[in-house]
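Analysis of the macromolecular model
The primary structure of each chain is shown beneath.
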Amino acid sequence: MSAPVLVALFTFIDGLTQGIYGTIFNLMLRTGGLPTSAVGNITSSNLWGAAFIGLFFGLVAEKYEKKTLLIMTQLLSIFFGTYRIFATSSTILGITSFFHGGFSAATATIMSTILVMKTSSENRARFLGLNLSAGMFTGVIANVVGGLLGDAFGFRIVLLFSSLSRILALYPILKLDTTSASANEESDETPSIASFSKIFKIRDSKEVKTILYYFLSNVNVGLGAGLFVVFGNVIFYDLFHMSATVIGLILAFAQLATSLGAMFSYKIGRKFGDMNVLIFSYVFVPILIVLLSFTREPITFTSVYILRFAVMNMVGPLLSSVVFSHIPMNIVSSINGVNNFLNNVSRALSAVLFSVLTKFENGYTLIFIISSIFYFLNAYVMIRLRKHLGE
């Protein structure tokens, strides 16, 4: 199998097991008596780990053998993900969540780098869309199965089974050829955080601005998404007291819509222009989030939530394809690492803000309004990026 197909297979296997785990972990904490603010802080720890550990491995992956790193980060992610299921104190939960998020992000960062390096500008959007579609499709299954099994057998047993099942994802990793397609794709710098400096050594002003807009976009999306997307299951539980099964079905529909959209996003991009599709989506999304601020009827709220989720995420491959087609291939790993770092730091900060805002009576209204502001800023960044690329 080709590298892009193996990456998609990994995404399918790991995404399915991680999806089941993610669907019910926060619900286990919440239904176990932990307040929403505490759940927010634990999620923030997970994201801080994803930021710093993900950045480190995104940078050193340019020099070290990627397959070895993938095996190591995958096994460590499984270990900490399993350990935190049985943690009894908030401190241990925070520490294990930090490392679980960190090593999970490290694996994802290295995988995404391999996918970019193993594709060309002509087929990159198609394969990125395929990989996202695989991830979202597994999310559909995982949300339904996670919710049903969690209600039927108890959260902790299902969490343990799903965490240990991630070992199966080592198969595509072992089969993966992680060598670069060409020698100039590899960095010749000493592997360290200092390799980040290579981004500042770019002399082409157009490439520098493209990277800057890409980073700004992901920071805004991270700040906006961190306020409520990460806590989708908790939000439905708090607002409507839904069961894990119903919440799982809702999240499954959202990911199914995204999966279908991602499969054809590159065709839509070719017909209307990648940047035109991105800008339309990024303007439409914050409008939907404003609607969520004032909607408390379950069916309407759910419908708007699903539409927002699908429209925002289905165009992700288009943005990646546009940016990676306008920057040097030898800095892709650094860009991936730094970008994931900024995104996770943004989400971690938003998770802390989420913990604070949920203490207010109208907390969720404030959360959605503030989130929409960040998404509107992201739309403005995209408009600037289109103008910049057209110059």
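None of these values were measured; they are calculated from a predicted model. (Residues numbered from 1 in each chain as written. Predicted model: local features only at pLDDT ≥ 70, side-chain atom pairs only at ≥ 80, totals over all residues. Heavy atoms only, no water.)

**Considering helix α1 (residues 3-31)**
A rise of 1.5 Å per residue sets the reference length of α1, with its 29 residues, at 42 Å; its end C-alpha atoms lie 41 Å apart and thus fit the reference within 8%. When the local axis directions of α1 are compared, the greatest deviation, roughly 30°, occurs at Gly 15. (Helix = DSSP H or I, 4+ residues; strand = E, 2+ residues; numbered from the N terminus. Expected span 1.5 Å × (residues − 1). Bend = angle between axes of the 7 residues up to and from the residue.)

**Some remarks on the pattern of salt bridges**
Summed over the entire model, instances satisfying the criterion amount to 2 salt bridges. Of the charged contacts in the structure, one is a salt bridge between Asp 14 and Arg 166, with a shortest N-O distance of 2.9 Å. Here the residue Asp 14 occupies a position in helix α1, and Arg 166 occupies one in the loop between α6 (155-164) and α7 (170-175), the gap between them amounting to 152 residues. Comparing Asp 14 with Arg 166 shows no difference in burial state: the two are buried. Here Arg 30 makes a salt bridge to Asp 238, at a shortest N to O gap of 3.2 Å. Taken as a pair, Arg 30 in helix α1 and Asp 238 in helix α9 (residues 232-240) lie far apart in primary sequence, 208 residues in all. (Salt bridge = Lys/Arg side-chain N within 4 Å of Asp/Glu carboxyl O. Buried < 20%, exposed > 50% of the residue type's maximum accessible area, 1.4 Å probe, protein only.)

**As for the packing of aromatic side chains**
For the structure shown, the criterion picks out 20 aromatic pairs. Ring centres of Phe 80 and Phe 99 lie 5.0 Å apart, and the angle between their planes is 25°; on these two criteria the pair is classed as stacked. Taken together, the residues span a long stretch of sequence, with Phe 80 in helix α3 (residues 66-83) and Phe 99 in helix α4 (residues 90-117) at a distance of 19 residues. In this structure Phe 80 comes out as buried when scored by relative accessible area, which is 16%. (Phe/Tyr/Trp six-rings, centres within 6.5 Å; stacked < 30°, edge-to-face > 60°.)

**A word on the nonpolar core**
Phe 228 and Tyr 375 are the most contacted members of the largest nonpolar core, which has 90 residues in total. Not counting residues up to four positions away in its chain, the partners in contact with Phe 228 are Ile 235, Ile 289, Leu 292, Tyr 305, Arg 308, Ile 367, Phe 368, Ser 371 and Tyr 375. Formed by 24 residues, the second largest nonpolar core is a distinct cluster that contains Val 7, Ile 13, Ala 61 and Leu 69. (Core = buried A, V, L, I, M, F, W, Y, C linked by side-chain atoms within 4.5 Å. Contact = heavy atoms within 4.5 Å.)

**A few points about the packing of helix α5 (residues 124-153) against helix α10 (residues 244-272)**
Where α5 contacts α10, the two axes come as close as 7 Å, and the packing angle between them is 170°. When the axes of α5 and α10 are compared, the pair comes out roughly antiparallel. Residue composition of the contact of α5 with α10, by class: 15 nonpolar, 10 polar and 2 charged. (Axes fitted to C-alpha atoms, helices over the stretch in contact; angles between N-to-C directions. Parallel < 35°, antiparallel > 145°, perpendicular 65-115°, else oblique. Nonpolar A, V, L, I, M, F, W, Y, C, P; charged D, E, K, R; others polar.)

**Regarding the confidence of the model for the chain**
Interpreting fine coordinate detail is not advised for predicted regions of low pLDDT. Per-residue pLDDT for the chain has a mean of 85; in total, 92% of the residues score no lower than 70. For the chain, helix α13 (residues 316-324) is the element with the lowest average pLDDT, namely 83, and α6 is the one with the highest, namely 96. Confidence drops under pLDDT 50 across residues 182-194; counting only partners more than four residues distant or on other chains, this segment forms 24 contacts. (pLDDT = per-residue confidence, 0-100.)

**With respect to the side chain of Arg 166**
Residue classification places Arg 166 among the buried positions, given a relative accessible area of 2%. Dropping the residues within four chain positions of it, Arg 166 is found in contact with Asp 14, Thr 17, Gln 18, Gln 74, Ser 77, Ile 78, His 100 and Ser 104.

**Looking at the layout of surface pockets**
Here the largest pocket is characterised by a volume of approximately 190 Å³. Lining the largest pocket are Met 28, Leu 29, Gly 32, Leu 34, Ile 85, Ala 87, Thr 88, Ser 89, Ser 90, Leu 93 and Arg 156. Taken together, the elements giving at least two residues each to the lining of the largest pocket come down to α1 and α4. Among the residues forming the lining of the largest pocket, the class breakdown is 6 nonpolar, 4 polar and 1 charged. (1 Å grid on protein atoms, 1.4 Å probe; cavity = no way out; pocket = protein on both sides within 12 Å on 5 of 7 lines; lining within 4 Å. Points joined across faces, edges and corners; volume = space filled by probe spheres on them.)

**A word on the side chain of Ser 350**
Looking at where Ser 350 falls in the secondary structure, it is placed in helix α14 (residues 332-357). Among the polar contacts made by the side chain of Ser 350, one reaches the main-chain carbonyl oxygen of Leu 223 at a distance of 2.6 Å. Every residue in contact with Ser 350, bar those within four places of it in the chain, is listed here: Gly 222, Leu 223, Gly 226 and Leu 227. (Polar contact = N/O pair within 3.5 Å; in protein donor to acceptor, adjacent residues only side chain to side chain.)

**A short note on unusual backbone geometry**
Phi at His 241 takes a positive value of approximately 55°, unusual for a residue other than glycine. By secondary structure assignment, the location of His 241 is in the loop between α9 and α10. Of the residues examined, His 241 reaches a relative accessible area of 64% and is grouped as exposed.

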